[in-house]
Amino acid sequence: MTVNLPPKTDDTDSFFRAFRVDARVDAEEYRVIAFGHTTEQADEALKLVLTGIKRAIDAPLRDFEVAGVALPKLGDHAVVIDGRNRPRCVLRVTETAIAPFASVDAAFAFDVGEGDQSRDGWLRDRRAANNAIADDTPMVFTRFTVVWPRLFADDWSGPPALQ
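As the structure is a computational prediction, the values presented were derived from the model and not from experiment.

A.B. asks: Looking at this structure, how should I read the overall build of the protein?
C.D. replies: The helix and strand inventory of the protein stands at five helices and six strands. Projecting the C-alpha coordinates of the protein onto the three principal axes gives extents of approximately 50 × 30 × 25 Å. A burial count over the protein gives 41% of its 163 residues as buried. Across the protein, every contact between residues at least 6 apart in sequence was considered, and the portion connecting residues at least 24 apart equals 71%. Surface summary for the protein: the accessible area is close to 8700 Å², and the carbon and sulfur share equals 53%. Each charge sign in the protein was given a centre, from 20 positive and 26 negative side chains, and these centres are 3 Å apart.

Written out as structure tokens, the structure reads:
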């Protein structure tokens, strides 16, 4: 599954503002993420995110370079949109690394939440989707947590207490 980085919209801006107010988060910046390149792919991956199965994403480093998009970094926020470009949740990056394609481990493949969630399955599925990928292709491996809305948040303990 590839990660698509569409532009911000009024809807994603409003969604992120609502997150900031509700969660009392001071973050100003975010990116928009859509999973895959079709409505079906976006909706299926989003379902995995919202049900707690998918907590990692990956993409070839060259995808970021070609698009001229900054790499994700620890603490970054992203608004995930569905296949109809509607904002559905906010993620926070908890880990990111650049490493060769074949270095993926079983834990990361499991956290991606797709297919049979095995390392072999992850390798097979990625190779089938992108025949240009080689064992030494630099990949961006990113883990995240869902932080909003509360219904889907991984660890909602409420906003910080007012001092």
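The rest of the description comes next.
A.B. asks: Just to check I follow, could you spell out the pattern of salt bridges for this structure?
C.D. replies: Pairs may arise between side chains of opposite charge once their charged atoms sit close together. Tallying each qualifying case throughout the model produces 16 salt bridges. Salt-bridge contacts for Asp 76 lead to Lys 73; the nearest nitrogen and oxygen are separated by 3.3 Å. A salt bridge links Arg 143 to Asp 111; the shortest N-O distance between them is 2.7 Å. One end of the pair, Arg 143, is in strand S6 (residues 138-148); the other, Asp 111, is in helix H4 (residues 106-112), and 32 residues separate them in sequence. Residues joined by salt bridges that share partners form a network here, namely Lys 54, Asp 58, Glu 114 and Arg 126.

A.B. asks: Would you explain the side chain of Arg 143 in this entry?
C.D. replies: Residue classification places Arg 143 among the buried positions, given a relative accessible area of 16%. Here the side chain of Arg 143 touches Asp 111 through a polar contact of 2.7 Å, side chain to side chain. If we ignore the near neighbours within four places in the chain, the residues touching Arg 143 are Arg 55, Ala 56, Arg 92, Val 93, Thr 94, Glu 95, Asp 105, Ala 107, Phe 108 and Asp 111.

A.B. asks: What is the right way to read helix H1 (residues 10-23) from this model?
C.D. replies: Since there are 3.6 residues in each turn of an α-helix, residues three or four apart along the chain are aligned in direction. The end-to-end C-alpha distance of H1, which contains 14 residues, comes to 20 Å, matching closely the 20 Å that a straight helix rising 1.5 Å per residue would cover. All of the buried residues along H1 are Thr 12, Phe 15, Phe 16, Phe 19 and Ala 23. Angularly, the buried residues of H1 cover 95 degrees about the axis, an arc narrow enough to put them on a single face. Relative to its buried face, H1 has exposed residues pointing more than 90 degrees away, namely Asp 10 and Val 21. Of the surrounding secondary structure, the elements contacted by the buried residues of H1 are strand S2 (31-35), strand S4 (77-81), strand S5 (87-100) and S6. Just beyond H1, the residue with positive phi is Arg 24, at close to 55 degrees.

A.B. asks: Would you mind going over helix H5 (residues 119-129) with me for this structure?
C.D. replies: Along H5, the positions that sit buried rather than exposed are Gly 121, Trp 122, Leu 123 and Arg 126. Those residues of H5 that are buried lie in contact with strand S3 (56-60), H4 and S6. Capping the start of H5 is the job of one residue whose side-chain oxygen sits 2.9 Å from the backbone nitrogen of Gly 121: Ser 118.

A.B. asks: Sorry, what's going on with the pairing of S4 here?
C.D. replies: Remember that side chains alternate between the two faces of the sheet whenever the strand is regular. Along S4, five of the five residues are buried, which leaves the element largely enclosed by surrounding structure. Side chains His 77, Val 79 and Ile 81 of S4 all project onto a buried face; the interleaved residues Ala 78 and Val 80 project onto the opposite face, where all are buried too. Two strands pair when backbone bridges link them, and S4 and S5 are joined in this way by five bridges, in the antiparallel orientation. Note that in S5 the partner of His 77 across the bridge is Arg 92.

A.B. asks: I tried to follow the environment of Val 79 on my own but got confused; where do I start?
C.D. replies: Tracing the backbone through its elements, the reader meets Val 79 in strand S4. Residue class for Val 79 comes out buried when judged on its relative accessible area of 0%. Discounting chain neighbours no more than four positions away, the residues touching Val 79 are Thr 12, Phe 15, Phe 16, Tyr 30, Arg 31, Val 32, Ile 33, Pro 87, Cys 89 and Val 90.

Reading the values: rules and limits
Residues numbered from 1 in each chain as written. Predicted model: local features only at pLDDT ≥ 70, side-chain atom pairs only at ≥ 80, totals over all residues. Heavy atoms only, no water. Helix = DSSP H or I, 4+ residues; strand = E, 2+ residues; numbered from the N terminus. Buried < 20%, exposed > 50% of the residue type's maximum accessible area, 1.4 Å probe, protein only. Contact = heavy atoms within 4.5 Å. Areas by Shrake-Rupley, 256 points an atom, 1.4 Å probe, with all protein chains shown as cover. Lys, Arg positive; Asp, Glu negative; His and termini not counted. Charge placed at Lys NZ, Arg CZ, Asp CG, Glu CD. Salt bridge = Lys/Arg side-chain N within 4 Å of Asp/Glu carboxyl O. Polar contact = N/O pair within 3.5 Å; in protein donor to acceptor, adjacent residues only side chain to side chain. Expected span 1.5 Å × (residues − 1). Arc of directions from axis to C-beta. Pairing = 2+ DSSP bridges.

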